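Here is what each chain is made of, one letter per residue.
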Amino acid sequence: MTSSAQESGQQPTANAMRRALKRARDGVALDVAEAAVLLQARGADLTDLCASAARVRDAGLEAAGRAGVITYSKSVFIPLTRLCRDKCHYCTFATVPGKLRRAGHGMFMSPDEVLAIARRGAELGCKEALITLGDKPEDRWPEAREWLEAEGYDDTIAYVRAMAIRILEETGLLPHLNPGVMSWTDFQRLKPVAPSMGMMLETTAERLWSEPGGPHHGSPDKEPAVRLRVLEDAGRSSVPFTSGLLIGIGETYEERAESLFALRRISRSYHGIQELILQNFRAKPDTAMRGMPDAELDELVATVAVARHIMGPSACLQAPPNLVDGEYARLIGAGIDDWGGVSPLTPDHVNPERPWPQIDRLAEQSAAAGFVLRERLAVYPEFVQRGEPWLDPRLLPHVRALADPETGLAREDVEVRGLPWQEPEEVFVPSGRTDLHRAIDTEGRTGDRRQDFDEVYGDWEALREAAAPGMVPERIDADVREALAVAADDPTKLTDPQALALLHADGTALDALCGIADAVRRDVVGDDVTYIVTRNINFTNVCYTGCRFCAFAQRRTDADAFTLSLEQVADRAEQAWDVGAVEVCMQGGIHPDLPGTAYFDIARAVKKRVPGMHVHAFSPMEVVNGATRTGMSIREWLAEAKAAGLDSIPGTAAEILDDEVRWVLTKGKLPTATWIEVIRTAHELGIRSSSTMMYGHVDQPRHWLGHLRLLAQIQQETGGFTEFVTLPFIHTNAPVYLAGIARPGPTTRDNRAVTAMARLLLHPHIPNIQTSWVKLGTEGAADMLRSGANDLGGTLMEETISRMAGSSYGSYRSIRDLVAIAEAAGRAARPRTTLYGDVPEERQRAAMDSDGHLPELLPVLGSD
């Protein structure tokens, strides 16, 4: 194993160094090769590099209103557990259960131990509780699993969450969480209890993980791809995140440069990396790498300077002051602007042999370099001032109690004391355009985009680059005629190449495909076209998830934002019942104030008012939101929702079940694996669901094929899907289209092919294929009924999501309208229930008696 990047190859030529230094001085963007050259700058070259890096840093501080300021966080270090499933060859933090027992310690710190440190820290004026621990210790150590079970915690993350809440409530310190590798769901669980989190990237050099003898070999959580995914999930979840590099562990200069560019890419895509730590390797006794030389100070200085040039003026760069033997001036000169967490109470448990410097000494050394030392919080000033969606409403009182409202830095003289961690009060207060379900068809939306269009969705230019590979059409080699013959004989025998060929079919081949699908439809479900008398109720459109296809979501301050009260939700359900509805379909934005239990309240409100109404509600995204905000498992939350009155869930939030496409379509929505987990769990609990696919944006037929195959597989396992719903992308007001990335929706050819192939690929597992009159109109829906569909969905009564996106087909269809669509396809129509059963005569009579008449429309804000 090489001791450092120095042994990666030949030294750069003098000409190469001169060119790279000039580009750095001139502010020209560097590439990986040039960065690798500059990482090797020494002597006068390094002085030149640092001078230009410092100028970049100073420009950024001036732009941020912090000219001449270098920051630190006054913190306590809480090593929640030193057990870890990884085996990093340089680590002394991780230990084994036997050593903990012999030292008289538990497998985890107890709540009393945690709070004793936090309370003492608060007395000393600390404002950050740095909670660090090993990765998923219960996966390796039975003792860890037994401790968690005995204490009533499902996993380590649950214990971290519980301790974070107690620290907030009982001490006032702000938790900064470092639990290692986290899933997207873990971020949702922890975001309400911590204003910031972190995990070092360390390196993207895969060989240091994959090759025997490498520093990360045998450590599953140190795979670079896994760690990069964590950083992306943090950005998608709008979590202010700390990351960085550990230099001198055997990486080459090129690999170190590649690691910095990987961090830049993620920072640029999501604007969520609050700081980068550049840490130099220090060999420790009793480790496999005890014989490795330490990373030299010049290595660290050059890395800081190159990182400043790559990351730019707005980045916050930190180097731990306890690892540089007092050479503070050199790090300041290289471009850092932060010293990290410094504790007057606890040691650096990761580098226990290196005590923290005294804060007064740090201030003196900073002043000697021309900088004023100022205290910040665990969450950086930029994110304090950004507010939503970066800070959960439950945390805002805690952060505001400690933050200077002008600068976002810490109020150094403030008393640090605990505050209640609680859900926002009066969530269901009617506000905004609660008449939008009516006015969208007459007055329209206020504007074609949100006011935070350029920030909430991430970086559009980076997104264009990410989207480009997935939008390249594939070559189709399979014979369409042969595929049609197989489809006509037995569609279950279609191979993937044959199915892909049919998804590309056009002209007479497409006509033949639709005819085959229609024949299968006739054999399976007959000629009746089904529909349901239902009412859509969108209880809020306030949402900060950042779905780039969605024109429905609004900030709470936007002109078109609204939230209904529970009374208004119940009123709309009762009005729907009065005109013959058998179902209400209820979905809403992921409102930051909404408690995880609010969904139960909504279901109960409807059932209390209209006991016979079927409650079809809450997408998988809403299910995960509810579960993570309550701290419940998905299974526990769904069981509670079922007890509250939930009857079935919409299989929306699926979009395309392929993360290649999902992460272009949405910034922060749940990943494919989590959507599947929610659906499977719901089905296991007897909660049935629909299934959906939104297509025609940045996807290709290969993505449609994978999506349909996955749905068929789930249905074979659970049998819980009631139908498959085709959802053509409405582009008009969709942000991803307005940004010039997505196509303008699917073509008629696409719609016919998707409907026909859904019929064939889901056969015989999902017998009901639904088309959307909201998105396709009367003629388009009738065309889909001739292409394999058998269901028209519902009367809706109100529909805001597609209409906000720009659909021009209205929000309501009477029963007569739906019957006319069926007749246009040469078929009869009949009503159904959510589960495709027969509708009681009383409901049918009520629906026919009221047909063509919408329920009484509610006032904007209710009566005074």
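Residues numbered from 1 in each chain as written. Predicted model: local features only at pLDDT ≥ 70, side-chain atom pairs only at ≥ 80, totals over all residues. Heavy atoms only, no water.

(A) How the structure looks around the overall build of the protein. Across its full length, the protein holds 35 helices and 21 strands. In terms of its C-alpha atoms, the protein occupies a principal-axis envelope of roughly 85 × 65 × 55 Å. In the protein, which comprises 864 residues, the proportion classed as buried is 63%. Of all intrachain contacts in the protein linking residues separated by at least 6 positions in sequence, the fraction that spans at least 24 positions is 78%. Charge centroids of the protein, computed over 93 positive and 122 negative side chains, lie 2 Å from each other. (Helix = DSSP H or I, 4+ residues; strand = E, 2+ residues; numbered from the N terminus. Buried < 20%, exposed > 50% of the residue type's maximum accessible area, 1.4 Å probe, protein only. Contact = heavy atoms within 4.5 Å. Lys, Arg positive; Asp, Glu negative; His and termini not counted. Charge placed at Lys NZ, Arg CZ, Asp CG, Glu CD.)

(B) Quick look at the side chain of His697. With respect to the helices and strands, His697 occurs in the loop between β17 (688–695) and α29 (701–718). There is a polar contact of 2.7 Å between the side chain of His697 and the backbone oxygen of Met694. (Polar contact = N/O pair within 3.5 Å; in protein donor to acceptor, adjacent residues only side chain to side chain.)

(C) Summary view of the pattern of salt bridges. By the definition in use, this model includes 59 salt bridges. In this structure, the salt-bridge partner of Arg330 is Asp298, at a minimum N-O distance of 2.8 Å. Of the two residues, Arg330 is situated in helix α13 (residues 328–334) and Asp298 in helix α12 (residues 297–311); the sequence distance between them amounts to 32 residues. Judged by its relative accessible area of 31%, Arg330 falls in the partly exposed class. A salt bridge links Glu684 to Arg635, with the nearest nitrogen and oxygen atoms 2.4 Å apart. (Salt bridge = Lys/Arg side-chain N within 4 Å of Asp/Glu carboxyl O.)

(D) Quick look at α12. Between its first and last C-alpha, α12 extends 21 Å over 15 residues, near the 21 Å set by a 1.5 Å rise per residue. Most of α12 is tucked away: 13 of the 15 residues are buried. Immediately downstream of α12, the backbone of Gly312 shows phi near 95 degrees, a positive value. (Expected span 1.5 Å × (residues − 1).)

(E) The arrangement of the nonpolar core in detail. Grouped together as the largest cluster of nonpolar side chains are 128 residues, with contacts concentrated most on Leu513, Met586, Trp637, Trp675, Phe724, Met757 and Leu762. Each residue touching Trp637, except ones within four places of it in the same chain, is listed here: Gly596, Tyr599, Phe600, Phe618, Val623, Gly626, Ala627, Thr630 and Met632. Within the second largest apolar cluster, 123 residues are counted, among which are Leu39, Ala162, Ala302 and Tyr328. (Core = buried A, V, L, I, M, F, W, Y, C linked by side-chain atoms within 4.5 Å.)

(F) A look at unusual backbone geometry. Following Glu388, the chain continues to Pro389 via a peptide bond in cis, the omega torsion being 0 degrees. Note the cis peptide between His763 and Pro764, where omega equals 0 degrees. Within the fold, Pro764 resides in the loop between α31 (748–761) and β19 (769–770). Although it is not a glycine, Ser238 adopts a positive phi angle of roughly 55 degrees. Looking at the element boundaries, Ser238 is found in the loop between α10 (224–236) and β5 (241–247).

(G) Focus on the packing of α31 against helix α32 (residues 773–785). With their axes 10 Å apart at the nearest point, α31 and α32 run at an angle of 45 degrees to one another. As far as their axial angle goes, α32 and α31 are oblique. Note that α31 runs across α32; the crossing there is right-handed. Note on element contacts: α32 touches α31 through Leu776, Asp783 and Met784, opposite Thr748, Asn751, Arg752 and Thr755. Looking at the contact of α31 with α32 residue by residue, the classes come out as two nonpolar, three polar and two charged. (Axes fitted to C-alpha atoms, helices over the stretch in contact; angles between N-to-C directions. Parallel < 35°, antiparallel > 145°, perpendicular 65-115°, else oblique. Left-handed = near helix turned anticlockwise from the far one by under 90°. Nonpolar A, V, L, I, M, F, W, Y, C, P; charged D, E, K, R; others polar.)

(H) Seen up close, the environment of Leu705. In this structure, Leu705 sits in helix α29. Expressed as a C-alpha distance, the spacing of Leu705 and Gly312, which sit 393 residues apart in the sequence, is 42 Å.

(I) A look at the packing of aromatic side chains. Under the counting rule described, the total for this entry stands at 14 aromatic pairs. Judged by centre distance (5.1 Å) and plane angle (35 degrees), the rings of Phe600 and Trp637 are tilted. In this pair, Phe600 sits in helix α24 (residues 598–609) while Trp637 sits in helix α26 (residues 634–644), placing the two residues 37 residues apart along the sequence. The class for Phe600 is buried, based on a relative accessible area of 4%. Taken together, the aromatic side chains of Phe539, Tyr599, Phe600, Phe618 and Trp637 make up a single cluster linked through ring pairs. Here Arg236 stacks its cationic end above the ring of Trp663, 3.7 Å away from the centre of that ring. (Phe/Tyr/Trp six-rings, centres within 6.5 Å; stacked < 30°, edge-to-face > 60°. Lys NZ or Arg CZ within 6 Å of the ring centre and 35° of its normal.)

(J) Focus on the environment of Ala654. Looking at where Ala654 falls in the secondary structure, it is placed in the loop between β16 (648–649) and α27 (659–665). On the basis of relative accessibility, which here comes to 0%, the residue Ala654 falls in the buried class. Taking the C-alpha atoms as reference, Ala654 lies 13 Å from Phe729; in sequence the two are 75 residues apart. Not counting residues within four places of it along the chain, the set of residues in contact with Ala654 comprises Arg662, Trp675, Thr692 and His707.

(K) Expanded view of the environment of Met632. Along the polypeptide, Met632 turns up in the loop between α25 (620–630) and α26. On the basis of relative accessible area, Met632 is assigned to the partly exposed category, the value being 24%. In this structure the C-alpha to C-alpha distance between Met632 and His707, which are 75 residues apart in sequence, comes to 29 Å. Discounting residues that sit within four places of it in the chain, Met632 has contacts with Ala627, Trp637 and Glu640.

(L) Just the confidence of the model for the protein, in detail. Looking at the protein, the pLDDT average stands at 91 and 91% of residues meet or exceed 70. Across residues 1–8, where pLDDT falls below 50, the model places 29 contacts with residues more than four positions away in sequence or in other chains. Segment residues 857–864 is flagged for pLDDT under 50; beyond a separation of four residues in sequence, or across chains, it makes 18 contacts in the model. (pLDDT = per-residue confidence, 0-100.)

(M) Quick look at the side chain of Ser259. When you line up the elements, Ser259 lands in helix α11 (residues 253–270). When its relative accessible area of 1% is taken as the criterion, Ser259 is described as buried. Engagement of the side chain of Ser259 in a polar contact is seen with the backbone nitrogen of Thr204, the distance being 2.9 Å. If we ignore the near neighbours within four places in the chain, the residues touching Ser259 are Leu201, Thr203, Thr204 and Leu245.

(N) The pairing of strand β1 (residues 69–81), seen in detail. For β1, a buried count of 13 out of 13 residues is recorded, marking the element as mostly surrounded by other parts of the structure. Pairing between β1 and strand β9 (residues 372–376): five bridges, direction parallel. Each residue of the ladder has a partner; that of Ser73, found in β9, is Arg376. In this structure, β1 lies alongside strand β8 (residues 338–342), joined through three bridges in parallel fashion. Following the sheet pairing, Thr71 is matched in β8 by Asp338. Pairing of β1 with strand β2 (residues 128–133), which is carried by six bridges, proceeds in the parallel orientation. Bridging across to β2, Pro79 finds its partner in Thr132. (Pairing = 2+ DSSP bridges.)

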